[in-house]
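If you want the building blocks of each chain, they are given just below.
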Amino acid sequence: MCGIVGYAGYREALPILIDSLKRLEYRGYDSAGVAVVEDSVKIVKDKGYIANLESQLPQLRGVVGLAHTRWATHGAPSKDNAHPFYDCREKIALAHNGIIENYAELRDELKAHGHTFRSQTDTEVLVHLVEQSYAGNLEDAIRKALARCTGTYAIAVVHADEPDKLVAARNFSPLIVGLGAEENYVASDVPALLKYTDKVLYVMDREIVVLRPKSVQILDFEGRPVAREPQRITWSLEDAERGGFDHFMLKEIFEQPQAIHNTLLGRMTEVDTNGFFQDVTSVKLVACGTSYHASLVGKYVLEEVAKVPTTVELASEYRYAPTPTEQPLVILLSQSGETADTLGAAREAKRRGCKTLGITNGVGSSLTRETERTMYTRAGLEIGVAATKTFTAQLVALYLVAIRMGLDRGALSPEDANRLRDELRALPRHVQTVLNQADPIADLARAYAGARDMFFIGRGINYPVAMEGALKMKEISYIHAEAYAGGELKHGPLALLTPDTPVVAVTVRDRNYEKMMGNVGEVNARGSPVIAVGTEGGRDLPRFVEHVVYVPKVRDLLYPVPVSVVFQLLAYYAARKRGCPIDKPRNLAKTVTVE
Ligand code: F6R
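Residues numbered from 1 in each chain as written. Predicted model: local features only at pLDDT ≥ 70, side-chain atom pairs only at ≥ 80, totals over all residues. Heavy atoms only, no water.

A. Up close: the packing of aromatic side chains. In the structure shown here, the tally under the stated rule is 8 aromatic pairs. Arranged with centres 6.1 Å apart and planes meeting at 35°, the rings of Phe 455 and Tyr 484 form a pair that is tilted. Taken together, the residues span a long stretch of sequence, with Phe 455 in strand β21 (residues 453-458) and Tyr 484 in strand β22 (residues 480-485) at a distance of 29 residues. Residue Tyr 484 is classed as partly exposed on the basis of its relative accessible area, which comes to 24%. With centroids separated by 4.9 Å and ring planes inclined at 85°, the aromatic side chains of Tyr 572 and Tyr 573 adopt a geometry described as edge-to-face. Overall, Tyr 572 belongs to the buried group, its relative accessible area being 0%. When its relative accessible area of 11% is taken as the criterion, Tyr 573 is described as buried. Through a chain of ring-to-ring contacts, the aromatic side chains of Tyr 7, Tyr 185 and Tyr 196 assemble into a single cluster. Stacked on the ring of Phe 276, the Lys or Arg Lys 355 has its end atom at 4.4 Å from the ring centre. Taking NZ or CZ as reference, Arg 586 lies 3.8 Å from the ring centre of Tyr 478, over its face. (Phe/Tyr/Trp six-rings, centres within 6.5 Å; stacked < 30°, edge-to-face > 60°. Helix = DSSP H or I, 4+ residues; strand = E, 2+ residues; numbered from the N terminus. Buried < 20%, exposed > 50% of the residue type's maximum accessible area, 1.4 Å probe, protein only. Lys NZ or Arg CZ within 6 Å of the ring centre and 35° of its normal.)

B. The arrangement of the sheet that holds strand β8 (residues 166-171) in detail. Taken together, the 7 strands give an open sheet; going across it, the order is β5-β6-β7-β8-β12-β13-β14, and neighbouring strands pair in antiparallel fashion. Only two strands of the sheet have a single neighbouring strand rather than two, namely β5 (85-86) and β14 (225-226). (Pairing = 2+ DSSP bridges.)

C. Highlighting the pattern of salt bridges. Here the structure, examined in full by the defined rule, presents 43 salt bridges. Close ionic contact of Lys 284 with Glu 313 constitutes a salt bridge, the shortest N to O distance being 2.7 Å. Taken together, the residues Lys 284 in strand β16 (residues 283-287) and Glu 313 in strand β17 (residues 310-314) connect sequence positions 29 residues apart. In this structure, a network of salt bridges that share partners links the residues Asp 19, Arg 23, Lys 195 and Glu 241. (Salt bridge = Lys/Arg side-chain N within 4 Å of Asp/Glu carboxyl O.)

D. Expanded view of the pairing of β21. With 6 of its 6 residues buried, β21 lies for the most part within the structure. Here β21 shows a buried face lined by Asp 453, Phe 455 and Ile 457 and a second buried face lined by Met 454, Phe 456 and Gly 458. Relative to β22, β21 is paired through 6 bridges, and the arrangement is parallel. Residue pairing for β22: Asp 453 is matched across the bridge by His 480. Between the parallel elements β21 and β22, the chain passes through helix α17 (residues 462-477) in a crossover that is right-handed. Two strands pair when backbone bridges link them, and β21 and strand β23 (residues 503-507) are joined in this way by 3 bridges, in the parallel orientation. Looking across to β23, one finds that Phe 455 is bridged to Val 503. (Right-handed = clockwise from strand over helix to strand, strands pointing away.)

E. Geometry of the domain arrangement of the protein chain. Taken domain by domain, the protein chain consists of domain 1 (3-238), domain 2 (242-425) and domain 3 (432-581). Inter-centroid distance (C-alpha atoms) of domain 1 to domain 3 is 44 Å. (Domains from an automatic or database assignment.)

F. Just the nonpolar core, in detail. Core analysis: the largest hydrophobic core is formed by 91 residues, its most contacted members being Ile 331, Met 405, Phe 456, Phe 567 and Leu 569. Of all the elements, helix α19 (residues 560-577) adds the most residues to this core, at 12 residues. Residues lining this core come from more than one domain, with at least three contributed by each of domain 2 (242-425) and domain 3 (432-581). Among all residues touching Met 405, those that are not within four sequence positions of it are Phe 277, Val 280, Val 283, Leu 302, Ala 306, Val 308, Leu 329 and Ile 331. Of all hydrophobic cores here, the second largest spans 35 residues; its members include Leu 21, Tyr 29, Val 44 and Tyr 185. (Core = buried A, V, L, I, M, F, W, Y, C linked by side-chain atoms within 4.5 Å. Contact = heavy atoms within 4.5 Å.)

G. Examining the site of the ligand more closely. Near the ligand lie 14 residues; those nearest to it are Ser 291, Ser 334, Ser 336, Thr 339 and Glu 475. In the environment of the ligand, an oxygen atom lies 2.7 Å from a nitrogen or oxygen atom belonging to the side chain of Ser 336. Within the side chain of Lys 472, a nitrogen or oxygen atom sits 2.9 Å from an oxygen atom of the ligand. Out of a free accessible area of 400 Å², the ligand has 88% covered by protein chains. If you list the elements that add at least two residues to the shell around the ligand, you get α9 (289-306) and α17. (Near = heavy atom within 4 Å. Polar contact = N/O pair within 3.5 Å; in protein donor to acceptor, adjacent residues only side chain to side chain. Areas by Shrake-Rupley, 256 points an atom, 1.4 Å probe, with all protein chains shown as cover.)

H. Up close: the state of the cysteines. Taken as a whole, this structure holds 0 disulfides when the rule is applied. Of all cysteine sulfurs in the structure, the one in Cys 2 sits closest to Cys 288, which takes part in no disulfide; the separation is 17 Å. For Cys 288, a relative accessible area of 23% puts it in the partly exposed group. (Disulfide = S-S within 2.5 Å.)

Right under this line is the structure:
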């Protein structure tokens with residue numbers, strides 16, 4: 001959700017800024033802009049993708065600068081609303097990720113002081129506030145400006161009068177520093193830095209960073225220096241490249257056997273220690289989007305394996321819900337570990353006195369600091385905006401949590417735990433079996449890519465999988481897709497079925513098979529084509545449905561993993577046939593750092 005990069009070094013900043021900004025394009029692509037310090041501060045910006053900005057860049061030789069790729073919140077995507085912004089005298093350039101909540105009153109006040117605004121954004125107040133406070137030292141001016149603001153932000157700022165310096169600051173929006181040899185970087189996320197350094201400093205909330213070619217200083221908002229040890233990043237540059245695949249999404253779908261294997265290997269060392277789950281009497285899973293769907297699957301898993309009552313809530317709802325008296329263990333799931341709603345929910349859970357566990361793929365992400373314990377999914381870097389491998393890795397993480405909790409609570413015998421672990425270890429192989437069918441699944445997706453609407457149905461643990469299938473389909477292909485529990489179709493949605501409305505049904509051989517087949521019969525009676533996902537060896541399915549994709553036989557609880565891989569492939573190939581920008585779907589961004 002908006003990406004920022006900054007550079008202070010000895011090389012020309014512009015190519016480095018553009019190259020690293022491109023690796024953050026998944027965070028937003030409504031507009032892009034760059035500022036480089038020369039004799040004066042030069043800004044170039046425009047609406048649209050970074051490639052569009054790149055095509056119009058003049059030669060800029062400065063060695064300090066910043067750049068921004070935008071996901072619009074306040075103000076439509078346009079050149080005027082693109083970051084960075086100048087102050088009135090065009091000496092300062094500022095880029096921002098987040099939302100300044102009290103911008104309207106600040107804007108009125110600044111206008112009354114004679115400042116001229118050129119955009120409709122909340123961000124522009126920041127640059128005028130810095131201008132107003134500036135008395136020869138940029139970090140002091142930023143500190144004073146931020147003291148006036150409420151909201152969330154990561155900002156990067158340069159000033160023509162201090163040409164060797166870039167100042168950045170953070171409050172609730174992610175920001176990291178990359179350390180090089182006589183050159184230093186800031187960025188919203190790790191991929192921007194992979195080509196340049198593997199040594200990073202994580203900037204915390206309410207901290208300011210002063211970046212110069214040969215030094216990095218971190219200050220708190222009172223101006224006191226803060227000591228911070230650098231950390232090594234383990235992801236490589238290859239992780240941030242497409243590696244022969246046409247899209248990151250397809251690469252990441254195919255990485256799932258490895259991602260699941262790694263998540264299983266990682267286990268949960270932190271949580272394994274000291275009986276963290278022993279006194280747990282109930283669980284609440286809290287997340288957004290795809291992570292919310294993983295949580296819905298997790299409810300079935302925790303209730304069945306650990307025999308613990310579990311509820312699931314959207315993070316954006318949980319934050320503002322009335323406080324109940326019970327204090328469940330709150331498990332927060334977030335691929336990025338930076339989703340604003342999920343971080344807010346983590347704080348709220350702590351405020352309510354609940355124990356918290358974060359499950360995230362974002363090493364060193366904010367969620368790891370907002371929760372008592374962290375369990376990492378080890379899916380590797382995910383760049384495609386649609387979550388794929390991190391979803392199946394989250395499912396695997398939840399199976400592991402359920403096993404540990406079942407053992408800690410005495411609800412699961414060591415023998416049953418070992419049996420389930422063995423079956424988990426077979427999942428990468430089962431997922432590979434699904435991936436091997438990518439070609440026939442692609443044919444099927446192409447055949448129905450012209451549909452206007454689609455339905456996904458499932459029962460029990462596969463109902464949330466249907467929800468995830470529908471989400472993947474709509475966000476990537478723009479086909480309107482809805483998910484229903486199989487039994488719910490007859491309570492309304494059947495009215496929408498026509499021979500042009502494909503219905504994708506999870507009809508695996510689990511405890512709900514017969515009931516699902518009844519629902520498939522209802523669909524057949526309305527003449528809608530059915531694409532069924534069934535279990536290998538189930539020979540009767542083709543008699544009832546137009547198409548079948550088979551997944552390997554697993555225990556009921558594990559079907560969500562192979563079935564969701566089928567859905568990812570269906571969405572991917574449908575989107576491809578429709579010519580959609582798969583890795584950058586319209587209006588979306590990965591890592592939603594605003595509420
Ligand atoms: C959909 C998707 C989003 C995210 C959601 C939460 O494919 O990726 O729905 O799942 O924005 O993001 P995280 O998991 O990073 O908190």
